[in-house]
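Examination of the molecular architecture
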Number of protein chains: 2
Amino acid sequence: MASEIPDIVIGRLPVYLRELSRLSEEGLEITSSHQLAERLGISSAQIRKDLSWFGPFGKQGTGYNIPYLREQLKKILKLDHEWPVALIGAGDLGRALARYGGFTHRGFRIVMIFDNDPAKIGSYIGNIQVQAAENIEEQIRAGQIQIAMIAVPTSSAQAIADTVVKAGVRAILNYAPITLSVQNGVRIQYIDPAAHLQHMTYYLG
Amino acid sequence: MASEIPDIVIGRLPVYLRELSRLSEEGLEITSSHQLAERLGISSAQIRKDLSWFGPFGKQGTGYNIPYLREQLKKILKLDHEWPVALIGAGDLGRALARYGGFTHRGFRIVMIFDNDPAKIGSYIGNIQVQAAENIEEQIRAGQIQIAMIAVPTSSAQAIADTVVKAGVRAILNYAPITLSVQNGVRIQYIDPAAHLQHMTYYLG
């Protein structure tokens, strides 16, 4: 059954989870599809439909219990344990990602960082030492890492993707502005700020 | 008519443009929906359907002329001139964005940077001096800036969004992991790497 759920629905679950965490921080225990709708700019019918794929999380008229729904969404998204992540690229962006405080409380920890620049290899970002790119395959395999973030120049992104996939990675967050080719069964998400901006300029006067 | 085109189609145009630029760099003059499909992992039928919203860009059997299609996509996405962009936040991420080389050849130039940290105000990132956050509204209005990138902590993101929209911004690229509330007519795109990762862990074993 899980495979029938549209990927676009899966993509909204992290947004619901993020907002539920905020509501929880604000001290709320109960919310409703209407409250979520107002805060997320998604229709309440859409929210109810999305959540109904996974079970009855609330009763008509009583709303959603926030701690319970958070726990369920974490289980669905497999966030009931922390995921180790390999970061490839220790340039400006890589360093910003390595220092970013928003990963750990959402289920992810960068545990290894690689670069091919001799000036960076051996240096520390936080408490992680940058390793030589030639170690990527061995280290990812040894660490049984399934998730990699690629923050390298466009020209080397495909080769890096090939290497991390060969080593066992099954999910890539790619910051290089290039569409990567990977085998079936490997997921890729793209972050390309220029593409996001271009999407919006279409609508500007 | 333009308003009838699904937003998801608009969102794919920057990806087509990016790949056409790559093909062009590789020395190609002609491509096809099949070649694009293979390189992008999108079906050729989808690509033809997306492009057909905007006109007949190729004849059956002759393929697409790459320079012509690039120019047309740039016009459609309003990239036939450069857009000035205001960057709010000069932390690790803001500095990485300010130094990122991938904006200018894709239609964008960061022309002003703001922060509220006295230690950062007055410092330079590249050739741009970081200004005090209290100047945001006046400077954006004076520069007639329509695009802002928000790279501030979650707790101040909504207030910053309110300020830039008041000053005339109509498109926001938001890096703070929070859904922003803005008036109708203002576009927002979200970049939240943890949410992207959570989207993929659903599929991991």
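Only a predicted model underlies this, so the values are computations on that prediction, with no experimental measurement involved.

Secondary structure summary: chain A contains eight helices and 10 strands in total. Counting only C-alpha atoms and orienting by the principal axes, one finds that chain A spans roughly 60 × 45 × 35 Å. Here chain A holds 205 residues, and 49% of them are scored as buried. In chain A, the proportion of contacts linking residues at least 24 apart, taken out of those at least 6 apart, comes to 54%. About 9600 Å² of surface is accessible on chain A, with carbon and sulfur atoms providing 49% of the total. Considering chain A, the positive charge centre built from 20 side chains and the negative charge centre built from 19 side chains are found 5 Å apart.

A word on the interface of chain B and chain A. Opposite the 59 residues of chain B that make contact, chain A presents 59 residues. Interface area for chain B against chain A, summed over the two sides, is near 5700 Å², with a carbon-plus-sulfur share of 64%. On the chain B side of the interface with chain A, the three residues burying the most area are B:Gln198, B:Tyr202 and B:Leu204, jointly 14% of the side's total. Our count for the contact surface shared by chain B and chain A stands at six salt bridges. A:Arg99 serves as the salt-bridge partner of B:Asp92, at 3.1 Å between the closest nitrogen and oxygen. For the interface between chain B and chain A, the tally reads 22 residue pairs in polar contact (both at pLDDT 80 or more). Elements supplying a minimum of two residues to the side of chain B that touches chain A: helix H1 (7-25), helix H2 (33-40), helix H5 (92-99), strand E8 (147-150), strand E9 (171-174), strand E10 (187-190) and helix H8 (193-201) of chain B. For the side of chain B that touches chain A, a count of residues per class yields 36 nonpolar, 11 polar and 12 charged.

Moving on, we get to the packing of helix H5 (residues 92-99) of chain A against H5(B). The geometry of H5(A) relative to H5(B) is characterised by a closest axis approach of 9 Å and an angle of 165° between their N-to-C directions. Our classification of the angle between H5(A) and H5(B) gives roughly antiparallel. The handedness of the crossing between H5(A) and H5(B) comes out as left-handed. Together, A:Asp92, A:Leu93, A:Ala96 and A:Arg99 of H5(A) and B:Asp92, B:Leu93, B:Ala96 and B:Arg99 of H5(B) make up the contact between the two elements. The residue makeup of the contact of H5(A) with H5(B), split by class, is four nonpolar, no polar and four charged.

A few words on the domain arrangement of chain A. Taken domain by domain, chain A comprises domain 1 (2-76) and domain 2 (83-195). A C-alpha centroid distance of 30 Å is found between domain 1 of chain A and domain 2 of chain A.

This part takes up the nonpolar core. Among the nonpolar cores identified, the biggest contains 93 residues, and A:Leu13, A:Leu51, A:Phe54, A:Leu73, B:Leu51, B:Leu73 and B:Met149 are the most heavily contacted of them. The contact partners of A:Leu51, leaving out residues within four places of it in the chain, are A:Leu13, A:Tyr16, A:Phe57, A:Tyr64, A:Leu69 and A:Leu73.

Relative orientation of the contacting elements helix H1 (residues 7-25) of chain A and H8(B) amounts to 130°, with a least axis distance of 9 Å. Between H1(A) and H8(B), the angle falls in the class oblique. As for how H1(A) packs across H8(B), the hand of that crossing is right-handed. Counting all contacts with H1(A), which are made through A:Asp7, A:Ile10, A:Gly11, A:Pro14 and A:Leu17, the residues of H8(B) involved are B:Ala195, B:Gln198 and B:His199. The class makeup of the residues in the contact of H1(A) with H8(B) is four nonpolar, three polar and one charged.

Moving on to the sheet that holds strand E6 (residues 124-125) of chain B. Residues and elements named next belong to chain B. With mixed pairing, the seven strands of this open sheet are ordered in space as E6-E7-E5-E4-E8-E9-E10. Of all strands in the sheet, those bounded by a partner on one side alone are E6 and E10. Relative to strand E7 (residues 128-132), strand E5 (residues 108-115) runs parallel, the two being bridged by three bridges. Paired with Ile113 across the strands is Val130, a residue of E7. Across the sheet, helix H6 (residues 136-143) lies against strand E4 (83-88), E5 and E7, angled at about 160° from E5, the strand it touches most.

Bringing the sheet that holds strand E2 (residues 58-59) of chain A into the picture now. Residue and element names in this part refer to chain A. The antiparallel open sheet is built from three strands, whose spatial order is E1-E3-E2. Two strands in the sheet have a free side with no partner beyond their single neighbour: strand E1 (30-31) and E2. Bridging between E2 and strand E3 (residues 63-65) involves two bridges; their strand directions are antiparallel. Opposite Gly58, over in E3, you have Tyr64 as the bridge partner.

Residues and elements named next belong to chain B. Under the counting rule described, the total for this entry stands at 28 salt bridges over all chains. For Glu26, the salt bridge is made with Arg22, and the minimal N-O distance between the two is 3.6 Å. With a relative accessible area of 44%, Glu26 lands in the partly exposed category. By relative accessible area, which is 22% here, Arg22 ends up partly exposed.

This paragraph deals with helix H3 (residues 44-52) of chain B. Residues and elements named next belong to chain B. Turning to H3, its buried residues number three or more, namely Ser44, Ile47, Asp50 and Leu51. For H3, the buried positions fall inside an angular range of 125° around the axis, keeping them on one side. Residues of H3 that are buried sit in contact with H1, H2, strand E3 (63-65) and helix H4 (66-76).

What follows deals with unusual backbone geometry. All names here are of chain B. Residues other than glycine seldom take positive phi values, yet Lys78 does so here, at roughly 60°. Checked against the element boundaries, Lys78 lands in the loop between H4 and E4. The class of Lys78 is partly exposed, set by a relative accessible area of 26%. One non-glycine residue, Gln144, lies in positive phi territory at about 50°.

Conventions adopted
- Residues numbered from 1 in each chain as written.
- Chains lettered and ligands numbered in written order.
- Predicted model: local features only at pLDDT ≥ 70, side-chain atom pairs only at ≥ 80, totals over all residues.
- Heavy atoms only, no water.
- Helix = DSSP H or I, 4+ residues; strand = E, 2+ residues; numbered from the N terminus.
- Buried < 20%, exposed > 50% of the residue type's maximum accessible area, 1.4 Å probe, protein only.
- Contact = heavy atoms within 4.5 Å.
- Areas by Shrake-Rupley, 256 points an atom, 1.4 Å probe, with all protein chains shown as cover.
- Lys, Arg positive; Asp, Glu negative; His and termini not counted.
- Charge placed at Lys NZ, Arg CZ, Asp CG, Glu CD.
- Buried area = accessible area lost by both parts, 1.4 Å probe.
- Salt bridge = Lys/Arg side-chain N within 4 Å of Asp/Glu carboxyl O.
- Polar contact = N/O pair within 3.5 Å; in protein donor to acceptor, adjacent residues only side chain to side chain.
- Nonpolar A, V, L, I, M, F, W, Y, C, P; charged D, E, K, R; others polar.
- Axes fitted to C-alpha atoms, helices over the stretch in contact; angles between N-to-C directions.
- Parallel < 35°, antiparallel > 145°, perpendicular 65-115°, else oblique.
- Left-handed = near helix turned anticlockwise from the far one by under 90°.
- Domains from an automatic or database assignment.
- Core = buried A, V, L, I, M, F, W, Y, C linked by side-chain atoms within 4.5 Å.
- Pairing = 2+ DSSP bridges.
- Arc of directions from axis to C-beta.

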